[in-house]
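# Summary of structural features
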Amino acid sequence: MNDQKASFAGQGLPDCPPDLTGLREQVTAFVRERVMPCEPVLDAGGPDARATMARLRGEARAAGLWALPLPVELGGQGLPLTRYAHLAEAEGASDHGPAALGSAPLLDVLMLARHGTPAVRDAFLKRVTAGELRTCYAMTEPDTPGTDPALTATRAVAGADGRWTLHGRKWFTTGAADADLVTVLARTEDDAPASRALSLLLVPTSAPGFRVVRELPVLGAGGQWEIELDGVTVPADHLVGERGRALSIAGERLRLGRVLRCLRWLGQATRAYRLMCERARTRTQAGGPLADRQLVQQFVFDSLLAIRSTRPLVHEAVARLESGQDARVETGLAKVAAARMLQQVTDAAIQVHGAAGLGPDTPLPALFRAGRAARLLDGPDELHVSAVARHVLRPA
């Protein structure tokens, strides 16, 4: 891609601990020089994409950059969230960066490490961390609103032998076609309040009755899938956490997941910003370079303001999550700000590029698509706006 050598000026990264500066530079260079040039192949999927990703993962291991935030005891490098946050932007500048560097399964690894049975932990966790097994998470469904998991229709019934049998459909399940394991949210109780009615079950995708129904292109891009569970059975020890307690585990996962997405969106917005600045400096018209045009300067200013204003919100949410404090307000603010920011900056970068920003020669169409999807992922903006407002308006 033609942004490999774009300027790094003006990115306004937060202060990085001195002992992490070199590592951040390594991650930045790896994503820019190795991952980004492979994006067309990786985006296309199929055997070539899998072979390319395997090669990149090998290179990440050789460079000492593999699984930076994953637990040491499982084969990762154990960076705590507040330290990993300084690297996550650089990883996330490409959608494929986290997978190439082994941090993509962080949410699944932490969830299974905390809530999986000993049998599940022993059988799968080290292999997931090593990149030998791929995981995904299936929560939303075609016919129920994703903002209200209490309406989940997928069912799991425990048999006399303790095995669970699952029936239902899930959709917008990231990476389901290539996954080896999928964690499924299912209804396990009929006469219980919503907070006690749902459970999580770990399902091998090789199990009879598991089927990938179709790919769900998002604004023309692949990677999301609809799956069916038609009488899939799993052992009793594949229950994740306590029976009926899925919502608390899902909430824990979502809070961390939203913050990780925000960090990666910052990386993608910074990438679009660099491209915009480079275009403004190098593109000339009859009156001189675009950089001399006040409207272009406004695009640059507003984009930098959006990035710099969003970053502290995200890192505040990171710090509160790491310290175990209530981060609902901070996470909601960060998620909405980061989603809006990514769409704003990528839209401005496309405008400065003109027709070239709409075509296949830059990553801007993909970055803009990510920005639009960001306003729906992990809960639409409206959900977070209402939740934060209700929280702060409660009587003191």
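Here is a short report on the structure shown in this document. (Residues numbered from 1 in each chain as written. Predicted model: local features only at pLDDT ≥ 70, side-chain atom pairs only at ≥ 80, totals over all residues. Heavy atoms only, no water.)

## Remarks on the pattern of salt bridges
Within the structure shown, the criterion is met by 24 salt bridges. With a closest N to O distance of 2.9 Å, E141 and K170 form a salt bridge. Of this pair, E141 sits in the loop between β1 (135-138) and β2 (155-158) while K170 sits in strand β3 (residues 164-174), placing them 29 residues apart in sequence. As a salt-bridge pair, E330 and R320 come within 3.3 Å of each other at their nearest N and O atoms. Remark: R320 occurs in helix α9 (residues 294-323) and E330 occurs in helix α10 (residues 328-353); sequence separation between them is ten residues. Judged by its relative accessible area of 15%, E330 falls in the buried class. Linked by salt bridges that have partners in common, K335, R340, R375 and D381 make up one network. (Salt bridge = Lys/Arg side-chain N within 4 Å of Asp/Glu carboxyl O. Helix = DSSP H or I, 4+ residues; strand = E, 2+ residues; numbered from the N terminus. Buried < 20%, exposed > 50% of the residue type's maximum accessible area, 1.4 Å probe, protein only.)

## Some remarks on the side chain of Q343
Position of Q343 among the secondary structure elements: in helix α10. On the basis of relative accessibility, which here comes to 16%, the residue Q343 falls in the buried class.

## Structural notes on the nonpolar core
Counting residues in hydrophobic clusters, the biggest one holds 86 residues, and the most contacted among them are L200, M341 and V345. Broken down by element, this core gets its largest block of residues, 17 residues, from helix α8 (residues 246-282). Beyond its immediate sequence surroundings of up to four residues, V345 is in contact with A269, A272, Y273, S303, A306 and I307. Judged by nonpolar contacts, the second largest core, of 20 residues, contains C136, W164, W225 and L239. (Core = buried A, V, L, I, M, F, W, Y, C linked by side-chain atoms within 4.5 Å. Contact = heavy atoms within 4.5 Å.)

## Thoughts on the environment of R328
Mapped onto the secondary structure, R328 falls in helix α10. It is 36 Å that separates the C-alpha atoms of R328 and R34, two residues lying 294 residues apart in sequence. Contact partners of R328, with chain neighbours within four places excluded, come to V388 and H391. A polar contact of 2.6 Å, which involves the side chain of R328, links it to the side chain of D326. (Polar contact = N/O pair within 3.5 Å; in protein donor to acceptor, adjacent residues only side chain to side chain.)

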